Amino acid sequence: MSVYSRLQQLGIALPPVAVPAAAYVPFVRSGQLIFLSGHIAKRAGQPWVGQLGTDMTTAEGQAAARAVAIDLLGTLEAACRAAGTDLDGVARIVKVLSLVNSSPHYTEQHWVTNGCSELLQQVFGPEVGAHARSAFGVAQLPLGACVEIELIAELR
């Protein structure tokens, strides 16, 4: 089944590439690898503000990480198109790095990040979507966002 069929089954419409908020580009291609800049969680087009362990639950964090994954997929699609292919041309999701805005005693960053990881595996399937991953708790993120995630993918 194609990536686009899976997205349709999940009821996901990919957003356009977000305009960078500072001095960086949304993605860079090096050989067959595509590096996506960090994307912050958004809800209703605005930064999804909050801190896990203070005013957000793990389940809310997972929903935010899933929202980030959808935004990342929109950027990844643009990067694939720039390389002459589409999301079906992704050979592997290589790495996900997740930053979770957390209180000092919060320890469930890995569960929050599953919101992103599980969606990537649903969309790309277990062989292409399974990836290496890091999940960190941080004191703050840009604009007060609750989650920021970056991604590395490999093209066929």
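Residues numbered from 1 in each chain as written. Predicted model: local features only at pLDDT ≥ 70, side-chain atom pairs only at ≥ 80, totals over all residues. Heavy atoms only, no water.

Just to check I follow, could you spell out the overall build of the protein chain for this structure?
Helix and strand counts for the protein chain stand at three helices and seven strands. Secondary structure elements of the protein chain occur, N-terminal to C-terminal, as α-β-β-β-β-α-β-α-β-β. Rg of the C-alpha trace for the protein chain: 15 Å, near the compact-globule value of 15 Å for 156 residues, within the 12% margin. When the backbone C-alpha atoms are referred to their principal axes, the protein chain occupies close to 45 × 35 × 25 Å. Within the protein chain, the fraction of its 156 residues that count as buried is 43%. Restricting the contact set of the protein chain to residue pairs at least 6 apart, pairs at least 24 apart contribute 81%. (Helix = DSSP H or I, 4+ residues; strand = E, 2+ residues; numbered from the N terminus. Rg over C-alpha atoms; globule rule 2.2 N^0.38 Å. Buried < 20%, exposed > 50% of the residue type's maximum accessible area, 1.4 Å probe, protein only. Contact = heavy atoms within 4.5 Å.)

Quick question: what am I supposed to make of the environment of Leu7 here?
With respect to the helices and strands, Leu7 occurs in helix α1 (residues 3–9). On the accessibility criterion, Leu7 (3% relative accessible area) is buried. The spacing of Leu7 and Gly45 is 38 residues in sequence and 20 Å in space, taken between C-alpha atoms. When near neighbours in sequence (up to four residues on either side) are disregarded, Leu7 contacts Ile12, Leu14, Leu73, Leu87 and Val123.

Explain the state of the cysteines here, please?
Simply put, disulfide is the name for a covalent bond between the sulfur atoms of two cysteines. With the rule as written, the count across this model stands at zero disulfides. Of all cysteine sulfurs in the structure, the one in Cys116 sits closest to Cys80, which takes part in no disulfide; the separation is 15 Å. Taking relative accessible area as the criterion, Cys80 reaches 0% and is therefore assigned buried. Unpaired in terms of disulfides, Cys116 finds its nearest cysteine sulfur in Cys146, a separation of 13 Å. Classification of Cys116 by relative accessible area gives buried; the value is 0%. (Disulfide = S-S within 2.5 Å.)

Explanation requested: the sheet that holds strand β2 (residues 33–40) in the structure shown.
Sheet strands line up and pair through hydrogen bonds in the backbone, either parallel or antiparallel. Taken in spatial order, the five strands of this open sheet run β1-β2-β7-β5-β6, and their pairing is mixed. Each edge of the sheet is formed by a strand with only one pairing partner; in this case those strands are β1 (27–30) and β6 (132–138). On average, each strand axis in the sheet is tilted by 15° relative to the strand beside it, whichever way the strands run. Bridge analysis of β1 against β2 gives four bridges, and the strand direction is antiparallel. Counterpart to Ser30 in the pairing with β2 is Leu33. Contacts between helix α3 (residues 109–129) and the sheet are confined to β5 (90–101), β6 and β7 (147–155), with β5 contributing the most and set at about 170° to the helix. (Pairing = 2+ DSSP bridges. Axes fitted to C-alpha atoms, helices over the stretch in contact; angles between N-to-C directions.)

Everything listed here is a matter of coordinates, which is why it stays silent on function.
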